Amino acid sequence: IVNETTEALQVLADRDQVRRVLINLIHNAIKWSPANERIRIRAESKGDEVVISVLDNGPGVPEEFRERIFERFYQVDPSRSGGDGTGLGLAICKHIVEAHGGHIWVEDNFEGKNGKGGCFKFTLPSAEENTSA
């Protein structure tokens with residue numbers, strides 16, 4: 001797991017709940033990535049939000065499943081998960097992020113090996129005062 005966050009960013013959030021989101025996303029990235037692959041974590045300021053990203057080199061999420069994977073008990077392919085998933089992890093992430101006023105989604109990781117992989121992103125409100133006003 002590589003922390004590629006370069007800025008000292010602060011968000012308005014419950015530390016334990018955000019930790020739970022990160023643990024769930026990192027766990028999924030490890031589970032779906034080939035052995036010994038890097039999982040990258042990034043955070044960047046975007047206006048009055050901070051965008052946090054977890055990037056992996058797994059198979060990624062097909063576009064037709066990207067909204068549904070955040071539903072409770074939904075799994076794209078339960079047979080590939082080895083039976084160790086309940087389908088609740090991403091739903092919990094969505095609930096926590098939205099309770100903080102943020103948004104969560106998944107994209108392709110074009111930086112991954114062979115242009116494959118998943119990039120899960122979520123936003124949290126920035127604790128920095130908005131100086132653009």
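Definitions and limits used
- Residues numbered from 1 in each chain as written.
- Predicted model: local features only at pLDDT ≥ 70, side-chain atom pairs only at ≥ 80, totals over all residues.
- Heavy atoms only, no water.
- Helix = DSSP H or I, 4+ residues; strand = E, 2+ residues; numbered from the N terminus.
- Expected span 1.5 Å × (residues − 1).
- Buried < 20%, exposed > 50% of the residue type's maximum accessible area, 1.4 Å probe, protein only.
- Polar contact = N/O pair within 3.5 Å; in protein donor to acceptor, adjacent residues only side chain to side chain.
- Core = buried A, V, L, I, M, F, W, Y, C linked by side-chain atoms within 4.5 Å.
- Contact = heavy atoms within 4.5 Å.
- Pairing = 2+ DSSP bridges.
- 1 Å grid on protein atoms, 1.4 Å probe; cavity = no way out; pocket = protein on both sides within 12 Å on 5 of 7 lines; lining within 4 Å.
- Points joined across faces, edges and corners; volume = space filled by probe spheres on them.
- Nonpolar A, V, L, I, M, F, W, Y, C, P; charged D, E, K, R; others polar.
- Phe/Tyr/Trp six-rings, centres within 6.5 Å; stacked < 30°, edge-to-face > 60°.
- Axes fitted to C-alpha atoms, helices over the stretch in contact; angles between N-to-C directions.

Overview of helix 1 (residues 15-32)
Here is step 1: Helix length check: helix 1, at 18 residues, gives a terminal C-alpha distance of 26 Å against a target of 26 Å (1.5 Å per residue), a fit within 8%.
Here is step 2: Along helix 1, the positions that sit buried rather than exposed are Val18, Val21, Asn24, Leu25, Ile26, Asn28 and Ala29.
Here is step 3: The N-capping residue of helix 1, defined by a side-chain oxygen 2.9 Å from the backbone nitrogen of Asp16, is Asp14.

A look at the nonpolar core
Here is step 1: Val21, Leu25, Val54, Ile69, Phe120 and Phe122 are the most contacted members of the largest nonpolar core, which totals 23 residues.
Here is step 2: Contributing elements (two or more residues each) for this core: helix 1, strand 2 (40-46), strand 3 (49-55), helix 2 (89-99), strand 4 (104-108) and strand 5 (118-125).
Here is step 3: For Phe120, the residues in contact, after removing those within four places along its chain, are Leu25, Ile52, Ser53, Val54, Val61, Ile69, Phe70, Leu90, Trp105 and Val106.

Here we look at the pairing of strand 3
Here is step 1: With six of seven residues buried, strand 3 is to be regarded as a mostly interior element.
Here is step 2: Pairing between strand 2 and strand 3: seven bridges, direction antiparallel. From the neighbouring strand, Arg40 faces strand 3, where its bridge partner is Leu55.
Here is step 3: Remark: two residues form the turn of the hairpin made by strand 2 and strand 3, two consecutive strands paired antiparallel; Gly47 in that turn has positive phi of roughly 65 degrees.
Here is step 4: Pairing of strand 3 with strand 5, which is carried by seven bridges, proceeds in the antiparallel orientation. Within strand 5, the position partnered with Glu49 by the bridge is Pro125.

Some points on the layout of surface pockets
Here is step 1: Here the second largest pocket is characterised by a volume of approximately 500 Å³.
Here is step 2: Lining the second largest pocket are 19 residues, with Leu9, Val11, Val18, Leu22 and Ile52 sitting closest to its centre.
Here is step 3: The element contributing the most residues to the lining of the second largest pocket is helix 1, with five residues.
Here is step 4: Residue classes in the lining of the second largest pocket are distributed as 11 nonpolar, three polar and five charged.

Section: the packing of aromatic side chains
Here is step 1: All told, the structure shown has one aromatic pair when counted by the stated rule.
Here is step 2: With centroids separated by 6.3 Å and ring planes inclined at 70 degrees, the aromatic side chains of Phe70 and Phe120 adopt a geometry described as edge-to-face. With Phe70 in the loop between strand 3 and helix 2 and Phe120 in strand 5, the pair connects residues that are 50 residues apart, well separated along the chain.
Here is step 3: Relative accessible area serves as the criterion here: at 9%, Phe120 is assigned to the buried category.

Section: the sheet that holds strand 4
Here is step 1: One open sheet holds the five strands; their spatial order is 1-2-3-5-4, and the pairing between them is mixed. The open sheet is flanked by strand 1 (2-3) and strand 4, the only strands paired with a single partner.
Here is step 2: For strand 4 and strand 5, the ladder comprises five bridges, and the chain directions are antiparallel. Residue pairing in the sheet places Val106 in a bridge with Phe120 of strand 5.
Here is step 3: Along the sheet, helix 1 makes contact with strand 2, strand 3 and strand 5, crossing strand 5 at roughly 175 degrees.

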